[in-house]
Amino acid sequence: MSTPTHDHPQPTDPENPETASAPESGGPSSGGSAAGGPSSGASGGPASIGPADMDEPPKGGSFLGYLLRKLGGAAVSMILVVVLGFFAFRMLPGDPVLKIAKERPMSPAQIAELRSQYGLDKPVIVQFWDYLVGILTGDLGESYVYRKSVAALIGEYIGPTLLLTATAAVIAIALGLWLGQLSAWRRNSLFDKLASSTSLVFWSVPTFWLGLILLMIFGGTLQWLPTGGMVTPGLEPWSFAAVIDVIRHLILPVVSLVAVVYAQFLMVMRASLLEEMNEDYLTTARAKGLTEDEVRRRHAVPNALLPTVTVVFLHIGGLIAGAVTVEAVFSWPGLGKLTFEAIRGPDLPLLQGTFVVFSAIIIVMNLAADLVYRWLDPRIRRA
Amino acid sequence: MTANTPAEAAPGKPSGAGSLNPSSGRSPQSGAPAVDGAKLVRERRLNNAKKNWAMFRSDIPAMVGAVLLIFFILIAVLAPLIAPESRLDVTKQLDVPRYAPPSLAHPLGTDDLGREMWVRILWGSRVSILVGVAATVMSMVIGTIMGLAAGHFTGLFGAVVMRIIDFFLVLPSLLLAIVLSSVLERGVFTIVVAIGLTSWASTARIVRSQTLSVESRLYIERARILGAGHSHILFKHLLPSVMPLVLANTTLTVGGAIIAESTLSFLGLGDTSKESWGTILKNSMDVSAATSGYWWYVLTPGIAILLVVLSFTMVGRALEAIINPALRSR
């Protein structure tokens, strides 16, 4: 290991200014003499969540210990979400009632009444306590716009969102991982270049714009598919025609979500498999006489899948966030559309509710990822 | 992961950079060889720069990206000269046809209020690129600080920082940015803060892993034995060694920030008084341009976003490949 030598005292400037100015001047003269050994974790192109580097080296311990640690982590995240929800929505905007009052004319008496209705005349700590109790008992306040309980609204809208995101997630994961391993295996082939550059393009557009384009082509010009909503009104629920109708409504939003997200899965899977490509066990497998396909399917891919799982679940959060705009574009009656309406309001209790619920879903998904990971990777199980 | 020693990573790079000498600031330069060394280092750096430039130039997508970026930055800077702001004033467009499809008279068509699309795109590039870059700078600063802290400090403090990074890593930044920008006063600055405050986690993670790998090097140990404190190790040793990585990451992140800006504007959280590509798309959605056949209204701002984001990504990948030789074989 050649550590930078310290026996040439230089009167030159320190490294920092030079490195800092390098990209600004457009020149690639990156200094950084100590830049050796950048972790390969930063690979994976734009979806630059390297597979290996975030996970701590798994500590030992029983499954129970592992479970408790992960549960604890999820609980801390959930507490942070709840606290953040309180501070963002009750503290940052100043007085929410004044904000409502700014939107529509109100007398001081009405303002005072609203204030006591929302409990804003109480001390902050009492408000926080009420808020905590509310969340634990499923009471998320009342929507300003809908004049309904936020919990009831969310209950009503959560189903379509789960349907949409779950469908998109399954398709995106399957497509992304499959294309990713194929393109890694045929690295630098025409297929690889096509797959990589297509995903790069999809990665570079906003989800909602893709939705608008699809809407324009298939809903507007060709009129093949419905432009919005979830079911055509008037159909018997759960009848065959209604199911087909929902599927027809589902196609465009799912395609726009998948197109943006699968690219990230493809990149991650590709990078992850490339890491495995030069491993000795693959040579062994080939020496045993397995065909290339068998080597790939039975040896390389399972190992490459491991680090991918965590990343895939991390990106599910992004998928859910993408649902907000896609649901807005396609008027899909889900939580994303509710969020969109809440922003338009602005309906802070509703926004707070959707934020907490979205975050809870994502935290649970990640907890699931951690548990699945342990189940998949025997090294952690035994450790 | 730590296989690349500085010498292997970049043979041409100066191995005796004076800045890394913990005592360079304190001890007066004693002896003549220092001058020769400086010249040597300068030459090496020049050679290195030339080599890197050659590598960058041979990467065709990156060069195309760089040219496109320069083009977009130029039109953003020169927008007031190319098309005066009055051309965005709705009251002065009364004789212009609404929803005119692209033609010679209206190169990119007009919108629902008779404004030329190309003028809007031109002006929109200012906010979109500015927000993208500013938010990225903010997110890089936060991410670097948090990543260094998480990698350098052990014990309770490090664990707490790590937990915070994890939290921001798990929650999609868009969700948090929606929350922040909806409760704060509307404006360009709010959007920058909302994106910058919420999108630093992946940078922090990269910085952290790099910090960990550098931290185990002998020269850090040497510095520590010589009595270097936290701030010395952090700012004199760790920061310079993570900077190249952070900078390559910056170019990759700008694209994400531009998309985030357009998404927030599209949701109506942007500054409605200022043109941005997201705002144009929001307006197109408000008049149902997509289903009414006004394709140019939807297509042009999106293509502008696509081109700029793609350019930043291409340039970023090329820079990353130059800085991180391990990626070159890919």
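Residues numbered from 1 in each chain as written. Chains lettered and ligands numbered in written order. Predicted model: local features only at pLDDT ≥ 70, side-chain atom pairs only at ≥ 80, totals over all residues.

Considering the overall build of chain B
Part 1 of the argument: Helix and strand content of chain B: 13 helices and 0 strands.
Part 2 of the argument: When the helices and strands of chain B are placed in sequence order, the string is α-α-α-α-α-α-α-α-α-α-α-α-α.
Part 3 of the argument: Per-residue burial for chain B yields a buried fraction of 52% across its 330 residues.
Part 4 of the argument: Across chain B, the fraction of contacts at a sequence separation of at least 24, relative to all contacts at a separation of at least 6, is 72%. (Helix = DSSP H or I, 4+ residues; strand = E, 2+ residues; numbered from the N terminus. Buried ≥ 20, exposed ≤ 12 C-beta atoms within 10 Å, placed from the backbone. Contact = placed C-beta atoms within 7 Å.)

Comments concerning the confidence of the model for chain A
Residues and elements named next belong to chain A.
Part 1 of the argument: Confidence in the prediction of chain A, expressed as mean pLDDT, is 75, and 78% of residues score 70 or more.
Part 2 of the argument: Confidence scores differ between elements of chain A, with helix α1 (residues 15–21) showing the lowest mean pLDDT of 36 and helix α6 (residues 150–185) the highest of 88.
Part 3 of the argument: Note on residues 1–59: pLDDT is under 50 here. Beyond four places in sequence and across chains, it has 177 contacts. (pLDDT = per-residue confidence, 0-100.)

Notes on the confidence of the model for chain B
Part 1 of the argument: Residues at a pLDDT of 70 or more form 86% of chain B, whose mean pLDDT is 80.
Part 2 of the argument: The ipTM value of the predicted complex is 0.78, and its pTM value is 0.78.

Structural notes on unusual backbone geometry
Residue and element names in this part refer to chain A.
Part 1 of the argument: At N188, a position not held by glycine, the phi torsion is positive, near 70 degrees.
Part 2 of the argument: Following the sequence through the fold, N188 ends up in the loop between α6 and α7 (190–203).
Part 3 of the argument: Of note in the backbone geometry, S331 takes a positive phi value of approximately 45 degrees without being a glycine.
Part 4 of the argument: Position of S331 among the secondary structure elements: in the loop between α11 (292–330) and α12 (335–344).
Part 5 of the argument: With 16 C-beta atoms packed within 10 Å, S331 lands in the partly exposed category.

Considerations on helix α5 (residues 155–170) of chain B
Part 1 of the argument: For α5(B), with 16 residues, the first-to-last C-alpha span of 22 Å sits near the 22 Å given by 1.5 Å per residue.
Part 2 of the argument: Those residues of α5(B) that fall on the buried side of the exposure criterion are B:V161, B:I165, B:D166, B:F167, B:F168 and B:V170. (Expected span 1.5 Å × (residues − 1).)

Considerations on α11(A)
Residue and element names in this part refer to chain A.
Part 1 of the argument: Spanning 39 residues, α11 covers only 44 Å between terminal C-alpha atoms, well under the ideal 57 Å at 1.5 Å per step.
Part 2 of the argument: Approximately 40 degrees is the largest bend angle found in α11, and it occurs at V301, with the proline P302 only one to four residues beyond.
Part 3 of the argument: Within α11, 28 of the 39 residues are buried, which leaves the element mostly enclosed by the surrounding structure.
Part 4 of the argument: Looking one or two residues beyond α11, the residue adopting positive phi is S331, at roughly 45 degrees. (Bend = angle between axes of the 7 residues up to and from the residue.)

Focus on the packing of helix α4 (residues 117–152) of chain B against helix α13 (residues 295–323) of chain B
Residues and elements named next belong to chain B.
Part 1 of the argument: Contact pair α4 / α13: the axes reach a minimum separation of 11 Å and the direction vectors enclose 35 degrees. Here α4 and α13 pass one another in a crossing that is right-handed. Residue-level contacts link M117, I121, G124, S125 and I129 of α4 to W296, T300, P301, A304 and V308 of α13.
Part 2 of the argument: Of the residues belonging to the contact of α4 with α13, the class tally is 7 nonpolar, 3 polar and no charged. (Axes fitted to C-alpha atoms, helices over the stretch in contact; angles between N-to-C directions. Left-handed = near helix turned anticlockwise from the far one by under 90°. Nonpolar A, V, L, I, M, F, W, Y, C, P; charged D, E, K, R; others polar.)

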